[in-house]
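Residue-level structural notes
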Amino acid sequence: MDFIYAFEIIGTLVFAVSGALAAIEKKFDIVGAAILGFITAIGGGTLRDIMIGETPVAWMKDSNYVIAILSGVVLCYIARKYIMKLRKGLFLFDTIGIGLFTIIGLEKTLSLELSPIIALLMGIVSAVFGGILRDVFSNEIPLIFRKEIYALACFAGGIVFLGMNYLFPGVIWNIFASIFVVIAIRYLSVRYHWSINFQPLN
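What comes next is a walk through the structure.

The rules behind the values
Residues numbered from 1 in each chain as written. Predicted model: local features only at pLDDT ≥ 70, side-chain atom pairs only at ≥ 80, totals over all residues. Heavy atoms only, no water. Helix = DSSP H or I, 4+ residues; strand = E, 2+ residues; numbered from the N terminus. Rg over C-alpha atoms; globule rule 2.2 N^0.38 Å. Buried < 20%, exposed > 50% of the residue type's maximum accessible area, 1.4 Å probe, protein only. Contact = heavy atoms within 4.5 Å. Axes fitted to C-alpha atoms, helices over the stretch in contact; angles between N-to-C directions. Parallel < 35°, antiparallel > 145°, perpendicular 65-115°, else oblique. Left-handed = near helix turned anticlockwise from the far one by under 90°. Nonpolar A, V, L, I, M, F, W, Y, C, P; charged D, E, K, R; others polar. Salt bridge = Lys/Arg side-chain N within 4 Å of Asp/Glu carboxyl O. Phe/Tyr/Trp six-rings, centres within 6.5 Å; stacked < 30°, edge-to-face > 60°.

1. A look at the overall build of the protein chain
If you tally the helices and strands in the protein chain, you get 9 helices and 0 strands. Along its sequence from the N terminus, the protein chain presents helices and strands in the succession α-α-α-α-α-α-α-α-α. For 202 residues, the compact-globule estimate of 2.2 N^0.38 gives 17 Å, and the C-alpha radius of gyration of the protein chain, at 16 Å, lies within 12% of that figure. Seen through its C-alpha atoms, the protein chain measures out along the principal axes to roughly 50 × 45 × 30 Å. Out of the 202 residues belonging to the protein chain, those deemed buried represent 46%. Taking all contacts inside the protein chain whose residues are at least 6 apart in sequence as the whole, residues at least 24 apart take part in 73%.

2. Describing the packing of helix α8 (residues 151-167) against helix α9 (residues 172-191)
Contact geometry of α8 with α9 gives a least axis separation of 8 Å together with a crossing angle of 160°. Overall, the two elements α8 and α9 adopt an arrangement that is roughly antiparallel. By crossing handedness, the relation of α8 to α9 is classed as right-handed. Contacts from Ala153, Cys154, Ala156, Gly157, Val160, Phe161, Met164 and Asn165 of α8 reach α9 at Trp173, Asn174, Ile175, Ala177, Ser178, Val181, Val182, Ile185 and Arg186. Of the residues contributing to the contact of α8 with α9, the split by class is 12 nonpolar, 4 polar and 1 charged.

3. Quick look at the packing of helix α1 (residues 2-25) against helix α4 (residues 63-78)
Each pair of packed helices can be described by the angle between their axes along with the distance between the axes. Running from amino to carboxyl end, α1 crosses α4 at an angle of 40°, the nearest separation of the two axes being 8 Å. It follows that α1 is oblique to α4 by the angle criterion. When you trace α1 past α4, the crossing you get is right-handed. Between α1 and α4, the residues in contact are Tyr5, Glu8, Ile9, Thr12, Leu13, Ala16, Val17, Ala20, Leu21 and Ile24 and Asn64, Tyr65, Ala68, Ile69, Ser71, Gly72, Val73, Leu75, Cys76 and Tyr77, respectively. Taken together, the residues of the contact of α1 with α4 sort by class into 15 nonpolar, 4 polar and 1 charged.

4. Observations regarding the pattern of salt bridges
In this structure the tally under the stated criterion is 6 salt bridges. A salt bridge links aspartate 49 to lysine 108; the nearest nitrogen and oxygen atoms lie 3.2 Å apart. Of this pair, aspartate 49 sits in helix α2 (residues 30-51) while lysine 108 sits in helix α6 (residues 89-111); the two residues are 59 residues apart in sequence, bridging distant segments of the chain. Aspartate 49 gets classed as buried once you look at its relative accessible area, which sits at 1%.

5. Overview of the packing of aromatic side chains
Applying the stated rule across the entire model yields 6 aromatic pairs. An angle of 85° between the planes, with centres 5.1 Å apart, marks the rings of phenylalanine 38 and tryptophan 59 as edge-to-face. Of this pair, phenylalanine 38 sits in helix α2 while tryptophan 59 sits in helix α3 (residues 58-61), and the two are 21 residues apart along the sequence. Classification of phenylalanine 38 by relative accessible area gives partly exposed; the value is 25%. Relative to phenylalanine 176, the ring of tryptophan 173 lies with its centre 5.3 Å away and its plane at 50°, an arrangement referred to as tilted. Placement of both tryptophan 173 and phenylalanine 176 in helix α9 is noted, with a separation of 3 residues, approximately one turn of the helix. Residue tryptophan 173 is classed as exposed on the basis of its relative accessible area, which comes to 61%. The class for phenylalanine 176 is partly exposed, based on a relative accessible area of 35%. Taken together, the ring pairs connect Phe7, Trp173 and Phe176 into an aromatic cluster.

Interpretation note: all reported values are geometric properties and have no functional meaning in isolation.
The structure is reproduced here in structure tokens:
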């Protein structure tokens, strides 16, 4: 579907911005920002494609992905003063990115006629792995390993998508609604300090 492709390009650009913003916050130079933007943008999708046997991976077959990444990095440097003024700019772009890539990963895996459970896992991998690499390379503890609600938001959005797609197959609003669920849960969890914090039993 053409709009799925459009979402993947948009998601790639958004994650590239997320990675470049993290680099700017850490005072990396433009080369470091480009590398971090690239890793953040393609990390999850690359791992997903390798795991489901779609090789060469998507960005190697289509230069638009690389153009989107470079555009995101350049955008950060041109408009970094305005972007950094946005409250929690990195959070904003990361949240949009995980929403987009959760559903992209689901859709791509389902299109190969793999099971919904595997599709859900691949959606989560698509969404969070680039962020894990971004945080590791910028010397931060990855969000997925903290008590913040992160992967759980992707899981919830994926469940909503699978449910809606079962009831209303092929309807584009299934995608928008599911992306909204991921973004809303992630935003509200930070806004109201929701967390998952299991205490060990004594």
